[in-house]
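Fold and geometry: a report
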Amino acid sequence: MKFTILPDFEANKKRRAVRRQKRAERRDARQSRKNHWYLKRKKFWQVWLERFVLVFLILGMGGAWYFRTVVQDTEDNAEFEMDQSQEIIQTYIERWYDELTAMGMRPGKELDDQMGAYMYRMIPSRLMGAYGVSAAAAAIYNENGELIIDSNPRFYLYCDRYEPVGDEKDHTINLYQSYYTCAQELSDEFLQDYNDYFIYGDIENGERMEFGDLYVDEEKQQFYFSTVSCLEHGKVVKTYDFKPEHVEGMETVQETYDSWTREGTRWYPVLGMRSAEITELLQFAYDVYDDYKDDKQLKGAGVTAERGYFAKTYAQYNVIEVSNLNNSNPEYTVVFAYNYDFLQANRGFVQKFVICLILAILLISFLWARFTYVRLKARYELEDYQRSLTNAMAHDLKSPLMILSGMAENLKENVHTEKREYYAEEMLKNIADMNRMIEQSLGFSKLSQTGRVGRKTEVDMRAQTDALIGKYKELAEAQGQHISVTGEGQMRGNEAMLRQMVDNLLQNAILHGEEDGQIEINIGNGIYQIRNTYTGTLTTEAARKLLTPYVKEENRKRTGGHGLGLSIVHEIVKLHGGKLHLKVEEEMFCVEIKI
């Protein structure tokens, strides 16, 4: 059986192969961009910007969650407080209906007037500020749909007369002629002070409002203020004079709001406030009542008008059924409304929270970026350092390799065959030199990367020096150099490292010192100094550059070396926490070490 490959199948196969190739190219391009971005050296502001975004996302989400929790808690507290206010209104409606009927009043206008006047003390009629509630208002209707009281500004003087009824210990309040309306014009400023000093004043700090004589006209059921004083820290800061011209025939009484006894008579004023916000709330309450009043089965409903994410207007519609002995069970409808605005009530908290959050984000991102950049900078410096070492080593290896290459070609082409032994010796010397250079480079690299000293002991530096002088005695005599050692002392450190340090110092002084010169070694506890005769052109400042790997003085090249001797010594001293000082003075090259 033969199978024939259709042309369409071949074409589709080629198209799939092209698509795979393009996907691979795009993937390689993305990886290349990613590698370029990773390998690209970043500046501090770039590191800070990356950390700022991360910290902003982390703390921002945490701050948003915390802020939302605070907002929700505040809103829940506001609802709880308003629910408590509604329960108080319901409780007092039931209580005062019972007490009014117990005094012989029948349902009708007189009872509603008395109920409305008393309940004005219970319903909110002024601006507030607790838990984000800026204002609250209420309206109370009887079962015939007639408004008996609302939060519109009214000015009452209440008189609670406590008279015993029944058992001597059982008292009730006689409400007959228990309230009076103000016959005077009261300014908005006075009403605001009444709200600030009398209602919400800080009594513990001496912030209150004191009333002078109050004049009561029993016939008209009206009252008059005489003088009213506002006090702060116990001192009068403002006084109002309302005393009427004619007070004949009026009863003079004193405000006794703080006397919470259930005996005798208590007098105290209750004044509403003129506020556009309360007027708007009442209109909202009226509308809610009109929407729900026809539903006789409805006992409660909540209506919310959103004014933004942090603000709303809320109204609660409640029908209160009062139980009595006559089983008439009259109903009163209460519509309670309030404005909630978290930002307006908690402006200070929001400002502090935002400022603290921003400062925290900036500080944490800065510290994080600083820490990261220090590590990046160290990595960049290490890369530069390693690159310079590689370049220097490659440069130093280039010359012996070229020499080896030339000699190898001569041997291959049989050129100067009489110099075969010379070529072999030179090639071995160059190979040994390269091998020594590589060993020194590896030793230096190991010291730089380990960063550890190992086991420390008290090392006798005089004994180490004497042993190494014997090692280099023939080399020093060949150059006519005289070595002198004075003093004795010990250094605490790794014995192998300190021996290598002395070896490099002594070898450096012999190889790079002047012929027929002096090498002086001074030893003390924690101090090692070596000086050799020097007639070159280096200054002390220029000599410090010799501590950098592969840096050599120009005229030292004649003696060989790879510029690693002093670098290794410096690294050993740093690992031991010591200090190395180079000085060139009075034709002497001096290296002093303190560990």
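The structure under discussion appears in the preceding block.
Residues numbered from 1 in each chain as written. Predicted model: local features only at pLDDT ≥ 70, side-chain atom pairs only at ≥ 80, totals over all residues. Heavy atoms only, no water.

**Focus on the side chain of S365**
Turning to its location among the elements, S365 is positioned in helix α7 (residues 347-412). Within the structure, the side chain of S365 is placed 3.2 Å from the side chain of W48, a separation counted as a polar contact. There is a polar contact of 3.0 Å between the side chain of S365 and the backbone oxygen of L362. For S365, the residues in contact, after removing those within four places along its chain, are W48, R51, F52 and V55. (Helix = DSSP H or I, 4+ residues; strand = E, 2+ residues; numbered from the N terminus. Polar contact = N/O pair within 3.5 Å; in protein donor to acceptor, adjacent residues only side chain to side chain. Contact = heavy atoms within 4.5 Å.)

**Observations regarding the environment of Q479**
Take Q479: it is sitting in the loop between α10 (473-478) and β17 (482-486). We classify Q479 as buried; its relative accessible area is 18%. Spatially, the C-alpha atom of Q479 lies 8.2 Å from that of E514, the residues being 35 residues apart in sequence. Among residues more than four places away in sequence, those in contact with Q479 are I510, L511, G513, E515 and D516. (Buried < 20%, exposed > 50% of the residue type's maximum accessible area, 1.4 Å probe, protein only.)

**A closer look at a nonpolar patch on the surface**
On the surface, a cluster of nonpolar side chains totalling about 730 Å² of accessible area is made up of W45, L49, V53, F56, L57, I58 and M61. Among the structural elements, L57 can be located in helix α2 (residues 44-102). Residue classification places L57 among the partly exposed positions, given a relative accessible area of 44%. (Patch = residues over 30% accessible without salt bridge, like charges linked within 9 Å, V, L, I, M, F, W, Y side chains within 5 Å. Areas by Shrake-Rupley, 256 points an atom, 1.4 Å probe, with all protein chains shown as cover. Salt bridge = Lys/Arg side-chain N within 4 Å of Asp/Glu carboxyl O.)

**Side note on the pattern of salt bridges**
Summed over the entire model, instances satisfying the criterion amount to 18 salt bridges. Where E210 meets R208, a salt bridge forms, and the shortest distance between an N and an O atom there is 2.8 Å. The network of salt bridges with common partners includes K42, E50 and R51.

**Re the sheet that holds strand β9 (residues 227-232)**
Hydrogen bonds between backbone atoms are what pair the strands of a sheet, whose relative direction is either parallel or antiparallel. A sheet is described by the order of its strands in space; here 3 strands give the open sequence β6-β9-β10, paired in antiparallel fashion. The strands lining the two open edges of the sheet, one partner per strand, are β6 (208-211) and β10 (235-241). Each strand of the sheet is rotated relative to its neighbour by a mean of 25°, with strand direction disregarded. The pairing of β6 with β9 spans 4 bridges and is classified as antiparallel. Bridging across to β9, E210 finds its partner in S229. (Pairing = 2+ DSSP bridges. Axes fitted to C-alpha atoms, helices over the stretch in contact; angles between N-to-C directions.)

**Some thoughts on the sheet that holds strand β13 (residues 300-306)**
The strand order β2-β1-β15-β14-β13 describes an open sheet built from 5 strands, whose pairing is antiparallel. Unpaired on one side and paired on the other, β2 (147-150) and β13 mark the two borders of the sheet. Adjacent strand axes in the sheet meet at a mean angle of 15°, parallel and antiparallel pairs treated alike. Pairing of β13 with strand β14 (residues 311-321) involves 7 bridges; the strand directions are antiparallel. Residue pairing for β14: E306 is matched across the bridge by K312. Of the strands in this sheet, β1 (133-141), β14 and β15 (331-341) touch α2, which is tilted by about 155° from β15. Contacts from helix α5 (residues 276-292) reach β1, β2, β13, β14 and β15 within the one sheet, and its direction differs from that of β1 by about 45°.

**Describing the packing of aromatic side chains**
The tally for this structure, following the rule as stated, stands at 32 aromatic pairs. Seen in terms of ring centroids, F225 and F242 are 6.0 Å apart; in terms of plane orientation they differ by 50°. Their pairing is tilted. One end of the pair, F225, is in strand β8 (residues 222-225); the other, F242, is in the loop between β10 and β11 (251-253), and 17 residues separate them in sequence. According to the relative accessible area criterion, F225 is buried, its value standing at 0%. Members of the aromatic cluster, joined through ring pairs, are F190, Y194, F198, F211, F223, F225, Y240 and F242. Sitting over the face of the ring of W368, R51 holds its NZ or CZ atom 5.1 Å from the ring centroid. The side chain of R121 reaches across the aromatic face of Y158, ending 4.2 Å from its centre. (Phe/Tyr/Trp six-rings, centres within 6.5 Å; stacked < 30°, edge-to-face > 60°. Lys NZ or Arg CZ within 6 Å of the ring centre and 35° of its normal.)

**A few points about the nonpolar core**
I93, I140, L186, F190, M209, F225 and Y332 are the most contacted members of the largest nonpolar core, which has 64 residues in total. Sort the elements by how many residues they give to this core and α2 lands first, with 10 residues. Leave out the neighbours within four places in its chain, and I140 touches I89, I93, M119, I123, E146, L147, I148, I149, Y332, T333 and V334. Residues M461, I521, Y534 and L538 belong to the second largest nonpolar core, which totals 40 residues. (Core = buried A, V, L, I, M, F, W, Y, C linked by side-chain atoms within 4.5 Å.)

**Points about the pairing of β9**
Strand direction decides the pairing type here: β9 and β10, joined by 6 bridges, are antiparallel. Within the sheet, the bridge partner assigned to S229 lies in β10 and is T239. Between β9 and β10, which pair antiparallel one after the other, the connecting turn spans 2 residues, and H233 there sits at a positive phi close to 55°.

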